[in-house]
Amino acid sequence: MARRKKVYEGKAKILYEGPEPGTLVQYFKDDATAFNAQKKDVIEGKGVLNNRLSEFFMTGLAQIGVPTHFIRRLNMREQLIRSVEIIPLEVVVRNFAAGTLSQRLGLEEGTPLPRPIVEFCLKDDALGDPLVAEEHIIAFGWASQQDLDDMVALALRVNDFLSGCMLAVGIKLVDFKIEIGRIWDNDFQRLIVADEISPDSCRLWDMETGQKLDKDVFRRDLGNLADAYTEVARRLGVLPSNVTPASKPTLIN
Ligand code: TMP
Ligand code: ASP
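Residues numbered from 1 in each chain as written. Chains lettered and ligands numbered in written order. Predicted model: local features only at pLDDT ≥ 70, side-chain atom pairs only at ≥ 80, totals over all residues. Heavy atoms only, no water.

What to know about the site of ligand 1
In the vicinity of ligand 1 there are 15 residues, among which Glu90, Arg94, Thr100, Asp175 and Arg203 approach most closely. Separating an oxygen atom of ligand 1 from a side-chain N or O atom of Glu90 is a distance of 3.1 Å. Between ligand 1 and Arg203, the relevant distance is 2.9 Å, taken from an oxygen atom to a side-chain nitrogen or oxygen of the residue. With the chains in place, 84% of the 460 Å² that ligand 1 exposes on its own is no longer accessible. Mapped by element, the contributors of at least two residues to the shell around ligand 1 are strand S9 (89–96), helix H2 (99–105), strand S12 (171–185) and strand S14 (202–206). Tallied by class, the residues present in the shell around ligand 1 amount to four nonpolar, three polar and eight charged. (Near = heavy atom within 4 Å. Polar contact = N/O pair within 3.5 Å; in protein donor to acceptor, adjacent residues only side chain to side chain. Areas by Shrake-Rupley, 256 points an atom, 1.4 Å probe, with all protein chains shown as cover. Helix = DSSP H or I, 4+ residues; strand = E, 2+ residues; numbered from the N terminus. Nonpolar A, V, L, I, M, F, W, Y, C, P; charged D, E, K, R; others polar.)

Structural notes on the environment of Phe176
Here Phe176 lies in strand S12. In sequence terms Phe176 and Val92 are 84 residues apart; their C-alpha atoms lie 5.6 Å from each other. Not counting chain neighbours up to four residues away, the residues in contact with Phe176 comprise Val91, Val92, Val93, Ala155, Val158, Asn159, Leu162, Ser201 and Cys202. (Contact = heavy atoms within 4.5 Å.)

Some points on the packing of aromatic side chains
A complete count under the given rule lists two aromatic pairs for this structure. Taken together, a centroid distance of 5.5 Å and an interplanar angle of 70° make the contact between Phe56 and Phe57 edge-to-face. For Phe56, a relative accessible area of 27% corresponds to the partly exposed category. Its relative accessible area of 2% is what places Phe57 among the buried residues. Above the face of the Phe218 ring, Lys39 is positioned so that its terminal group lies 5.1 Å from the ring centre. Of note, Lys172 hangs over the ring of Phe96, and the distance from its end group to the ring centre comes to 4.3 Å. (Phe/Tyr/Trp six-rings, centres within 6.5 Å; stacked < 30°, edge-to-face > 60°. Buried < 20%, exposed > 50% of the residue type's maximum accessible area, 1.4 Å probe, protein only. Lys NZ or Arg CZ within 6 Å of the ring centre and 35° of its normal.)

Structure representation (structure tokens):
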């Protein structure tokens with residue numbers, strides 16, 4: 001059997017050449033990393049869950065007119081996507097203080113923010129994805145002013161959509177990160193949502209109990225990560241029937 005060509009391997013996903021020009025196959029690994037890969041593990045079933053969850057969010061975004069790279073799911077771990085030129089910025093949207101914002105400004109985690117805050121981090125593992133200002137982005141040419149305006153508009157639309165999805169199933173969207181790619185339609189360039197949207201790149205807290213249902217479970221050793229993601233998928237109604245919960249069944253007396 002012919003071996004397909006690997007185009008790129010990241011910490012959680014692999015990209016292979018797609019069946020047609022302009023497409024790629026995105027494969028979701030079970031690998032989990034945190035703190036710029038200083039902490040690593042393999043979480044059985046994570047890739048399957050994130051493949052499904054990312055499909056769910058990207059499909060919903062397309063339905064409300066937000067363009068994404070997603071074309072269709074191929075199998076349990078793979079989806080067909082449009083090949084894009086990734087803008088080398090992580091676009092973070094925050095609704096409540098947490099993580100590095102709390103650390104930076106001394107805000108208690110969970111403090112509601114006066115309005116959604118959009119931040120940019122440079123995608124550079126060696127530097128630990130540092131926060132950058134619009135001034136840096138323009139001066140160093142990572143994106144243009146028009147790109148930045150479009151990125152903020154896209155990120156806020158994704159925020160409204162994801163916040164609503166989560167609210168409907170009793171989950172608070174604290175913050176999330178997206179990546180954005182450039183595509184060319186003839187001579188016109190457009191920016192579209194790329195990479196993935198999954199609990200790997202969001203903070204999701206149960207509305208009632210505050211229980212964390214995202215990668216902080218792994219970052220902060222709070223329990224079983226696959227169980228947390230399974231709970232998100234179950235609530236959203238996207239749990240694939242052949243994924244079994246990672247923890248042992250409990251006896252019912
Ligand atoms: P932070 O509090 O660590 O800056 O992260 C904010 C949100 O963005 C959180 O949901 C995690 C997500 N994020 C990533 O998934 N990858 C990244 O490289 C960065 C900087 C943030
Ligand atoms: N995604 C980054 C890493 O794998 C940062 C994080 O999620 O904590 O190191």
